[in-house]
Amino acid sequence: MKTQLSHVSYLESEAIHIIREVAAEFERPALLFSGGKDSIIVLHLALKAFAPAPLPFPIMHVDTGHNFPEVIEFRDRTVAETGSRLIVASVQDAIDAGKITEDSGPRALRNRLQTPVLLEAIEEHRFDALFGGARRDEEKARAKERVYSFRDEFGQWDPKGQRPELWNLYNGRHKPGEHMRIFPISNWTELDVWHYLRDEEIEVPHVYFAHNRDVFMRDGMWLGVTEFLTPDEDEVVENKLVRFRTIGDATCTGSVESSATTIDQVIEEVGATRITERGATRADDRTAEAAMEDRKKEGYF
Amino acid sequence: MDLLRLATAGSVDDGKSTLIGRLLYDSKSIFEDQLESIEKTSNDRGDEHVNLALLTDGLRAEREQGITIDVAHRYFTTPRRKFIIGDTPGHIQYTRNMVTGASTADLAIILIDARKGVIEQSRRHAFIASLLRIPHLVVAVNKMDLVDYDQEVFESVRKEFAEFATRLDVPDLTFIPVSALHGDNIVDRSATMDWYRGATLLHHLEEVHIASDRNMVDPRFPVQYVIRPQSKQHHDFRGYAGTIAGGVMKPGDEIAALPSGFTSKIKAVLSPDGSELSEAYAPMSVTVLLEDELDVSRGDMICRVNNQPDVTQDLEAMVCWMSEASQLTVGSKLAIKHTTRWARAVVKDFRYRLDINTLSRDEGATALSLNEIGRVRLRTTQPLFADTYRRNRTTGSFILVDEATNVTVGAGMIRATE
Ligand SMILES: Nc1nc2c(ncn2[C@@H]2O[C@H](COP(=O)(O)OP(=O)(O)O)[C@@H](O)[C@H]2O)c(=O)[nH]1
């Protein structure tokens, strides 16, 4: 008799355990969905966790307005196909309503603006648990984060005051106004994610695969030319074969040169690459050594 | 490919971070941008060589102070296995952090500085590993380069540690002489220590047999969530979702549901993709369908008719106290979480506090403070369905939560239920 789970089954079981635990113990959970591969996996796991019953909580997209059109199309199709309920918390709406002000200048990023919009949506919908697709291998501040990550009434993370997490006994107790961020795929690596996408035949937006795109080099990354992002005079636009390793705000997510058009080729490429996913492609994490830690403390994902 | 979770322990400067950095580096799990960033930090700090230890320092305060504050998780994969390292710092808060890391570990690596030999902290680490019943223990005798790779030194550490370990319950104990700095016996065999015939550390990690570590004898299924679609198509579907905590479950098994004691048979065990499994075991997440309609809800336990856990409100347990703000003493009232069940607990009796360096019992003690471990008797408001921790690490463990702050303040291992 085989009695040892494969690593992928182990990770899947662990994630489903976490998702069910949250659904059972929290009153108003929601699942953060960006259309990126990690949140696609969390949604897939959540659907499995309750099948054949529908998802017992809504999904929420914090929309910076700076999107890849194919990702939004993908999001809407996924919502329709899975019969989920989608809540969009819009950064653009918040700017238009004068609730937040956008930094000016061609290099202003909207990433930071997601935090107040997210926190307001949490308050408005009185969410007490939010699933996210963060993984500990992504970034060094994340490596220290718990599966149940406690946030105070200001949405802040206190890395030094985290609750110990023992066995699979998660403690989600909190006071009104406080909430938890829940990371069911904490223990997955980028490669685990791709293996799972392949094994489960899960569809992801096409921008994860090699395609031709007008790009220009900024801060060592290939950024795509979009309606929200135009190159400076001295930045040269080239048409290159690229793909994205992460999908975030289109203005700060870089692409990598790649000819990987199938999932197997992507797996091969990820297995051979020597640069971390965020290091390669995220301007938001490059501004300082502790950029992610600082954003997280304020309430970022 | 399977997965091995490991915990590392060592006192400050024994070379734990270097060892982990070496494992990650030699197994090609470190990326260039991470390396560049630690090279830069090493230069800025005026370190002589690239400090692999920096790889494990995730928070700003840690990099600034050059210490590790919190449990960090690291991942690496070899063609044989995937590994999750729960890396716990060796200084303040040590016991609390190591207990946390140890709770999910299949294997612990204890580092010993060859020059210092077995010190008080080594004994403490070994004790915690055995208390948490980590099935496999590896003692890495590090900095062998600083003792001329001398076999005598290694043998004397081995002898002393093994002697101490006989007083503990350590099922599998392995000693490996290494130099984390130079890479001897970590991934590659040491060229200088030809007297050592055993496996390198990585080879041992890849080969150690973990399939029989979990309880495969006593079927235990704490119900986590009841799935009732209430749609036309699945009108009669009533599935009990949860994670198997012990034993093997298969269709046709005669089961009893606690606390009601009602019996039925397993109709099907469904995997997460909805397919019917011929059998399932821990720690699989599954959905169980029963032949009869019973009233079973979250917090209940499905087990075999002829193999049941104890149904009890009285627990004898070892507790590690994790709060600096309070103490555990007779009369303390706390929330308790055991499997999928919450209850309240009160400390009825304080048996003893353990001196984790000497293993002696202080029976005159009346309370546990931060990082202290002792034995208490608890009474709970509701019955729990419990086994001893020795028998099952899942149904034998619990956490204690402060009801005012909601913080997890204690980790408990059940010694007896009566
Ligand atoms: N000579 C020698 N030095 C070592 C070895 N392993 C670690 N060190 C050094 O010991 C010091 C402490 O190591 P570190 O990994 O930071 O220890 P930690 O506090 O246990 O994480 C550093 O200066 C390391 O370079 C070894 O095998 N040989």
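Conventions adopted
Residues numbered from 1 in each chain as written. Chains lettered and ligands numbered in written order. Predicted model: local features only at pLDDT ≥ 70, side-chain atom pairs only at ≥ 80, totals over all residues. Heavy atoms only, no water. Helix = DSSP H or I, 4+ residues; strand = E, 2+ residues; numbered from the N terminus. Rg over C-alpha atoms; globule rule 2.2 N^0.38 Å. Contact = heavy atoms within 4.5 Å. Buried < 20%, exposed > 50% of the residue type's maximum accessible area, 1.4 Å probe, protein only. Areas by Shrake-Rupley, 256 points an atom, 1.4 Å probe, with all protein chains shown as cover. Expected span 1.5 Å × (residues − 1). Near = heavy atom within 4 Å. Polar contact = N/O pair within 3.5 Å; in protein donor to acceptor, adjacent residues only side chain to side chain. Phe/Tyr/Trp six-rings, centres within 6.5 Å; stacked < 30°, edge-to-face > 60°. Domains from an automatic or database assignment. Buried area = accessible area lost by both parts, 1.4 Å probe. Salt bridge = Lys/Arg side-chain N within 4 Å of Asp/Glu carboxyl O. Pairing = 2+ DSSP bridges. Axes fitted to C-alpha atoms, helices over the stretch in contact; angles between N-to-C directions. Parallel < 35°, antiparallel > 145°, perpendicular 65-115°, else oblique. Left-handed = near helix turned anticlockwise from the far one by under 90°. Nonpolar A, V, L, I, M, F, W, Y, C, P; charged D, E, K, R; others polar.

1. What about the overall build of chain B?
For step 1, the next point in the chain: Scanning chain B for helices and strands turns up 7 helices and 24 strands.
For step 2, the next point in the chain: Rg of the C-alpha trace for chain B: 24 Å, near the compact-globule value of 22 Å for 418 residues, within the 12% margin.
For step 3, the next point in the chain: Considering only C-alpha atoms, chain B reaches an extent of 70 × 55 × 40 Å along its principal axes.
For step 4, the next point in the chain: Here the analysis covers contacts within chain B between residues at least 6 apart in sequence; of these, 70% occur between residues at least 24 apart.

2. Overview of the overall build of chain A
For step 1, the next point in the chain: Regarding its fold elements, chain A presents 9 helices and 10 strands.
For step 2, the next point in the chain: By the burial criterion, 63% of the 301 residues in chain A qualify as buried.
For step 3, the next point in the chain: Partitioning the contacts of chain A with sequence separation of at least 6, the portion at a separation of at least 24 is 72%.
For step 4, the next point in the chain: Surface exposure of chain A reaches about 11500 Å², of which carbon and sulfur atoms provide 48%.

3. Some words on helix 1 (residues 7-25) of chain A
For step 1, the next point in the chain: Over its 19 residues, helix 1 of chain A extends 27 Å from the first C-alpha to the last, a length consistent with the 27 Å expected when each residue adds 1.5 Å.
For step 2, the next point in the chain: With 16 of its 19 residues buried, helix 1 of chain A lies for the most part within the structure.

4. A closer look at the site of the ligand
Residue and element names in this part refer to chain B.
For step 1, the next point in the chain: Surrounding the ligand, one finds 17 residues, the nearest of these being Asp13, Lys16, Ser17, Thr18 and Asp145.
For step 2, the next point in the chain: Lysine 16 has a polar backbone atom sitting 2.8 Å from an oxygen atom of the ligand.
For step 3, the next point in the chain: Note that an oxygen atom of the ligand is positioned 3.1 Å from one of the side-chain N or O atoms of serine 179.
For step 4, the next point in the chain: Relative to its unbound accessible surface of 580 Å², the ligand loses 79% to contact with the protein.

5. Looking at the packing of aromatic side chains
All names here are of chain A.
For step 1, the next point in the chain: Counted under the stated rule, the structure contains 14 aromatic pairs over all chains.
For step 2, the next point in the chain: Both rings, one in phenylalanine 50 and one in phenylalanine 57, keep their centres 5.9 Å apart while their planes meet at 90°; by these two values the pair is edge-to-face.
For step 3, the next point in the chain: Owing to a relative accessible area of 2%, phenylalanine 50 belongs among the buried residues under this scheme.
For step 4, the next point in the chain: Residue classification places phenylalanine 57 among the buried residues on the basis of a relative accessible area of 5%.

6. Overview of the domain arrangement of chain A
For step 1, the next point in the chain: When cut into domains, chain A gives domain 1 (7-192 + 290-298) and domain 2 (205-285).
For step 2, the next point in the chain: Using C-alpha coordinates to define each centre, domain 1 of chain A is positioned 23 Å away from domain 2 of chain A.

7. Quick word on the interface of chain B and chain A
One widely used convention gives an interface's size as the accessible area the parts lose upon coming together.
For step 1, the next point in the chain: Contact with chain B, which involves 84 residues of that partner, is made by 62 residues of chain A.
For step 2, the next point in the chain: Carbon and sulfur atoms make up 55% of the surface buried where chain B meets chain A, a total of about 6200 Å² over both sides.
For step 3, the next point in the chain: Looking at the side of chain B facing chain A, the largest losses of area belong to Tyr225(B), Pro272(B) and Asn406(B), adding up to 10% of the total buried there.
For step 4, the next point in the chain: Our enumeration of links across chain B and chain A arrives at 6 salt bridges.
For step 5, the next point in the chain: Between Lys82(B) and Asp192(A) there is a salt bridge, with the nearest N and O atoms lying 2.3 Å from each other.
For step 6, the next point in the chain: Where chain B packs against chain A, one counts 28 residue pairs in polar contact (both at pLDDT 80 or more).
For step 7, the next point in the chain: Element by element, the count of residues in the side of chain B that touches chain A is highest for helix 2 (residues 32-45) of chain B, at 5 residues.

8. Section: the sheet that holds strand 1 (residues 2-9) of chain B
Residues and elements named next belong to chain B.
For step 1, the next point in the chain: In space, the 6 strands of this open sheet follow the order 2-3-1-4-5-6, with mixed pairing throughout. Each edge of the sheet is formed by a strand with only one pairing partner; in this case those strands are strand 2 (72-77) and strand 6 (172-177). Going across the sheet, the axis of each strand differs from the next one's by a mean of 25°, ignoring polarity.
For step 2, the next point in the chain: Bridge count for strand 1 against strand 4 (residues 107-113) is 4 bridges, and the pairing is parallel. Residue pairing for strand 4: alanine 9 is matched across the bridge by isoleucine 110.

9. Here's the deal with the sheet that holds strand 8 (residues 225-227) of chain B
For step 1, the next point in the chain: Spatial strand order, 7-15-11-12-14-9-8 (chain B): 7 strands in an open sheet with antiparallel pairing. Two strands close off the open sheet at either side, each with one partner strand: strand 7 (220-222) and strand 8 of chain B. Taken pair by pair, the neighbouring strands of this sheet meet at an average axis angle of 40°, ignoring direction.
For step 2, the next point in the chain: Of the pairings in the sheet, the one linking strand 11 (residues 254-258) of chain B to strand 15 (residues 301-304) of chain B comprises 4 bridges and is antiparallel in character. In the strand pairing of strand 15 of chain B, Ala256(B) is matched with Cys303(B).
For step 3, the next point in the chain: Running at roughly 65° to strand 14 (residues 285-290) of chain B, helix 1 of chain A makes contact with strand 8, strand 9 (239-243) and strand 14 of chain B of the sheet.

10. Concerning the domain arrangement of chain B
All names here are of chain B.
For step 1, the next point in the chain: Split into domains, chain B comes out as domain 1 (3-207), domain 2 (220-304) and domain 3 (310-417).
For step 2, the next point in the chain: Facing 23 residues of domain 1, the contacting portion of domain 3 comprises 18 residues.
For step 3, the next point in the chain: Both faces combined, the contact of domain 1 with domain 3 buries some 1700 Å², and carbon together with sulfur accounts for 58% of it.
For step 4, the next point in the chain: Broken down residue by residue, the surface that domain 1 buries against domain 3 is led by Arg96, Leu131 and Arg133, which jointly contribute 32%.
For step 5, the next point in the chain: One can count 1 salt bridge joining domain 1 with domain 3.

11. Side note on unusual backbone geometry
For step 1, the next point in the chain: Here Ala51(A) and Pro52(A) are connected by a cis peptide whose omega angle stands at 5°.
For step 2, the next point in the chain: With respect to the helices, strands and loops of the structure, Pro52(A) is situated in the loop between helix 2 (37-50) and strand 2 (59-63).
For step 3, the next point in the chain: In this structure, Lys143(B) takes a positive phi of about 65° despite not being glycine.

12. A word on helix 2 of chain A
For step 1, the next point in the chain: Taking 1.5 Å of rise per residue, 14 residues should cover 20 Å, and helix 2 of chain A covers 21 Å from first to last C-alpha, within 8% of that figure.
For step 2, the next point in the chain: Counted residue by residue, helix 2 of chain A has 13 buried out of 14 residues, so it is predominantly covered.

13. Let's talk about the side chain of Thr189(A)
For step 1, the next point in the chain: With respect to the helices, strands and loops of the structure, Thr189(A) is situated in the loop between strand 6 (179-182) and helix 6 (190-199).
For step 2, the next point in the chain: Owing to a relative accessible area of 11%, Thr189(A) belongs among the buried residues under this scheme.

14. Points about the packing of helix 2 of chain A against helix 6 of chain A
All names here are of chain A.
For step 1, the next point in the chain: Where helix 2 contacts helix 6, the two axes come as close as 11 Å, and the packing angle between them is 55°. Considered as vectors, helix 2 and helix 6 are oriented oblique to each other. Like other packed secondary-structure pairs, helix 2 and helix 6 cross with a definite hand, here left-handed. Facing Lys37, Asp38, Ile41, His44, Leu45 and Lys48 of helix 2, the residues of helix 6 in contact are Glu190, Val193, Trp194, Tyr196 and Leu197.
For step 2, the next point in the chain: Considered class by class, the residues forming the contact of helix 2 with helix 6 number 6 nonpolar, 1 polar and 4 charged.

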